[in-house]
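What follows is each chain in one-letter form.
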Amino acid sequence: MTRVESILEDTFYTECMAKIDAREEDRKFCRHNFQHFVDVARITYILMLESGAIKKFMEENNLNLKLAKELIYAAALLHDIGRWKQYDTGEDHADVSAGLAVEMLANTGFNDSEINVITTGIREHRRMTDNMSLLGEHLYMADNLSRICSRCATRDECYKFDEMETGRRMLIY
Ligand SMILES: [Fe+2]
Ligand SMILES: [Fe+2]
């Protein structure tokens with residue numbers, strides 16, 4: 001089993017996914033389910049390949065392509081894992097997700113420097129800021145690109161619609 005597959009089998013990961021599902025049962029806006037996590041993983045990887053950022057990411061962190069892909073997928077599959085806690089306490093889910101990810105990543109065989117790269121990206125994924133890590137920047141873009149806002153019935157009520165459409169135009173059109 002790969003380390004990424006081990007994350008998906010992790011008991012606490014499954015518990016967190018179930019908590020998010022329960023709290024989003026009646027949510028009319030985008031949900032933070034497994035489909036979203038996989039979409040963000042695939043889009044992040046594609047963006048980094050297409051832009052060439054993957055090369056810099058590999059050099060900066062001394063990774064081959066297989067390891068780089070593993071870190072990208074691990075980050076994307078965990079980037080919203082603490083969303084349930086934001087519903088419960090109001091805490092920023094990016095910080096919570098990064099915190100919860102540490103133990104899951106350690107339990108599934110990631111070393112300290114890999115955990116640092118992944119959790120930094122997770123912590124940064126909510127907004128574009130100066131001096132972001134390459135992974136954080138691409139997770140942010142992939143997160144926005146993963147939503148099909150133009151076909152969404154609730155887009156007029158969605159606080160993220162303008163930000164996401166702007167991002168989409170910058171990248172695709
Ligand atoms: Fe998020
Ligand atoms: Fe997300």
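The structure this text deals with has already been given above.
Residues numbered from 1 in each chain as written. Chains lettered and ligands numbered in written order. Predicted model: local features only at pLDDT ≥ 70, side-chain atom pairs only at ≥ 80, totals over all residues. Heavy atoms only, no water.

Caption draft 1: Quick peek at the coordination of the iron ion (ligand 1). Each protein donor to the iron ion (ligand 1) is listed here as D80 (OD), H93 (NE2) and H125 (NE2); together their distances run 2.1 to 2.2 Å. Motif for the iron ion (ligand 1), donor spacing along one chain: D-x12-H-x31-H. Taken as a pair, the iron ion (ligand 1) and the iron ion (ligand 2) show a spacing of 3.6 Å, with D80 coordinating each metal. Highlighted residues: D80 in the loop between α5 (65–78) and α6 (83–89) and H93 in helix α7 (residues 93–107), separated in sequence by 13 residues. Among the residues examined, D80 registers a relative accessible area of 1% and is labelled buried. Since its relative accessible area comes to 3%, H93 is described here as buried. (Donors = N, O, S within 2.8 Å, 3.2 Å for Na, K, Ca; no water. Helix = DSSP H or I, 4+ residues; strand = E, 2+ residues; numbered from the N terminus. Buried < 20%, exposed > 50% of the residue type's maximum accessible area, 1.4 Å probe, protein only.)

Caption draft 2: Inspection of the coordination of the iron ion (ligand 2) at higher detail. The iron ion (ligand 2) binds to the protein through H36 (NE2), H79 (NE2), D80 (OD) and D143 (OD); the donor distances cover 2.2 to 2.3 Å. Around the iron ion (ligand 2) sit 4 donor atoms; with metal-centred angles ranging over 82 to 178°, the donor geometry is irregular. Counting the intervening residues between successive donors of the iron ion (ligand 2) yields the motif H-x42-H-D-x62-D. (Tetrahedral: all angles 85-135°; square planar, octahedral: opposite > 155°, others 65-115°.)

Caption draft 3: Expanded view of the packing of aromatic side chains. What the rule picks out here adds up to 1 aromatic pair. Consider the rings of Y45 and Y73, whose centres lie 6.3 Å apart with planes at 70°: the pair is edge-to-face. Of this pair, Y45 sits in helix α3 (residues 34–51) while Y73 is found in helix α5, placing the two residues 28 residues apart along the sequence. Note on Y45: relative accessible area 12%, which makes it buried. If you follow R3 out to its NZ or CZ, it ends over the ring of F110, 4.1 Å from the centre. (Phe/Tyr/Trp six-rings, centres within 6.5 Å; stacked < 30°, edge-to-face > 60°. Lys NZ or Arg CZ within 6 Å of the ring centre and 35° of its normal.)

Caption draft 4: Local environment of the pattern of salt bridges. Going through the model one piece at a time under the given rule, you end up with 7 salt bridges. D88 is the salt-bridge partner of R23, the closest N and O atoms lying 2.8 Å from each other. Of this pair, R23 sits in helix α2 (residues 11–23) while D88 sits in helix α6; the two residues are 65 residues apart in sequence, bridging distant segments of the chain. Note that E91 and K85 form a salt bridge whose closest N and O atoms lie 3.9 Å from each other. For E91, a relative accessible area of 34% gives the class partly exposed. One salt-bridge network, held together by shared partners, links R3, E70 and E114. (Salt bridge = Lys/Arg side-chain N within 4 Å of Asp/Glu carboxyl O.)

Caption draft 5: Fine view of helix α8 (residues 112–124). In this model α8 runs 18 Å from its N-terminal to its C-terminal C-alpha over 13 residues, within 8% of the 18 Å that 1.5 Å per residue would give. If you follow the buried residues of α8, they end up packed against α1 (3–9), α4 (53–61), α5, α7 and α9 (134–145). One side-chain oxygen at the N-terminal end of α8 lies 3.1 Å from the backbone nitrogen of S113; it belongs to N111. (Expected span 1.5 Å × (residues − 1). Contact = heavy atoms within 4.5 Å. Polar contact = N/O pair within 3.5 Å; in protein donor to acceptor, adjacent residues only side chain to side chain.)

Any functional reading would require information beyond the geometric quantities listed.
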